[in-house]
Each structure stands twice: as structure tokens, then as C-alpha cells.
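Okay, here's what each chain looks like letter by letter:
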Amino acid sequence: MAKSINIVRSTAVPLTIENIDTDQIIPARFLKATSREGFGKNLFRDWRYHNNDEAQPKADFVLNNPIYKGKILVAGKNFGCGSSREHAAWAIKDYGFDVVVSSFFADIFANNARNNFLLPVKVSEDFLQQLFDAIHKDPATEIEVNLEQQTITVISTGATESFEVDPYKKTCLLNGYDDIDYLLSIKNEIVEFEKS
């Protein structure tokens, strides 16, 4: 069974860039594998390294800055646009993130993320800026994402906002269910319905 998500409390990585498309998240040349493992090392590959060389990390890219780490990626508006590749969600999850926060997500990316136990949290532009400000002021700032309550909170300031999530996907994420696991979880109800 895949990893369930309920409360994620963590420091965060601030990626202030807007309009991040799936080819920037995971470049097309890395799409040859069919299993979900191993994609994290190529997350934002062209932004992380000079000349595609791991020995030459770009010092000014946030994933190469050791002061920023955690299970939450806070990204600029319009995250996951472009092609529908599911590998983008695989790469983010494999890198170690459980949550991506933005003020807007491409629909296909958001669905791919939820199907891979990566929670996309859509917040207002004002709250997104509050998150960036808090993280830049203190990289040790903790953020709590509570899926059950559908809230995101900056622990140090108490600033909080609610977010929407599809009830079916919420059930799946809370229980670690994929679509088949969910059907198996209501097998008895299905059997009773068939009988009636």
C-alpha cells in the first residue's frame, strides 16, 4: 500500500519561479524509465546543474542551497503546466516532497500528483506570499499541512488558510489507497448493493 498523508509538518523549500512546466520539473530526456524510482535525482535538472553536470551545481538554485530543506515545496503561480507527463509528480515525490503549495496548479498535474500521494495545496496569492516571506526570513520556519482539516498553517506566526480537496481523493490520500484499494475497501457495500 502506498504512503498515506494526513498531517505534514516540515520546513519548506521556496521556489519563487512562476509558470513552471513539466519539462522543467523533469526534462523529456529522462522519461525512458517506467518505474517511479530514481526520478528525484533529475528533478529540475537543467536548473540545478551547469552543462547537465552533477559536479557543477548552480549555487543560486534553491535545491542546491543547504539552508532550505523539508517535505514541502512552495512554488510560484501556475505550477505543473505544459505536457501531461506523470513523471513530473514521480520526480517531486521521489526527491522527498510530500506536499507542493502554489496559488495555481495545472489540472492534469494536480490529478497526477494526488494519484501518486503527492498533495497539491492551492492557496491564495496573498497567503503564498506570506509563506515565501516567512521562509526567506527564517529557513527553519515550519509549515503544517493538515489534510483532515484541510488547512495550511505557518507555525511561527499562526497564519492559516483553508484549501479545497476532492472528497474521494482526500479519502484515498488519508488511507493510502489507490483506486483499486478504495474499491476493495468498500467491497462489502458493493456486494450488498448488487444483492439489492
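It should be noted that the structure appears before, not after, this text.
Below, the structure is looked at part by part. (Residues numbered from 1 in each chain as written. Predicted model: local features only at pLDDT ≥ 70, side-chain atom pairs only at ≥ 80, totals over all residues. Heavy atoms only, no water.)

Focus on the side chain of N116
Relative to the assigned elements, N116 resides in the loop between α4 (107–115) and β7 (119–122). The class for N116 is buried, based on a relative accessible area of 6%. Polar contacts involving the side chain of N116 include one to the side chain of W90, which spans 3.2 Å. (Helix = DSSP H or I, 4+ residues; strand = E, 2+ residues; numbered from the N terminus. Buried < 20%, exposed > 50% of the residue type's maximum accessible area, 1.4 Å probe, protein only. Polar contact = N/O pair within 3.5 Å; in protein donor to acceptor, adjacent residues only side chain to side chain.)

Details of the pairing of β7
Relative to β7, strand β6 (residues 99–102) runs parallel, the two sharing 4 bridges. Counterpart to V99 in the pairing with β7 is L119. Traced from β6 through α4 to β7, the parallel crossover comes out right-handed. (Pairing = 2+ DSSP bridges. Right-handed = clockwise from strand over helix to strand, strands pointing away.)

Considering the environment of E54
Among the secondary structure elements, E54 is positioned in the loop between α2 (45–48) and β4 (72–75). For E54, a relative accessible area of 45% corresponds to the partly exposed category. Separated by 139 residues in sequence, E54 and F193 have C-alpha atoms that sit 56 Å apart. Contact partners of E54, with chain neighbours within four places excluded, come to R45 and Y49. Side-chain polar atoms of E54 contact the side chain of R45, separated by 3.0 Å. (Contact = heavy atoms within 4.5 Å.)

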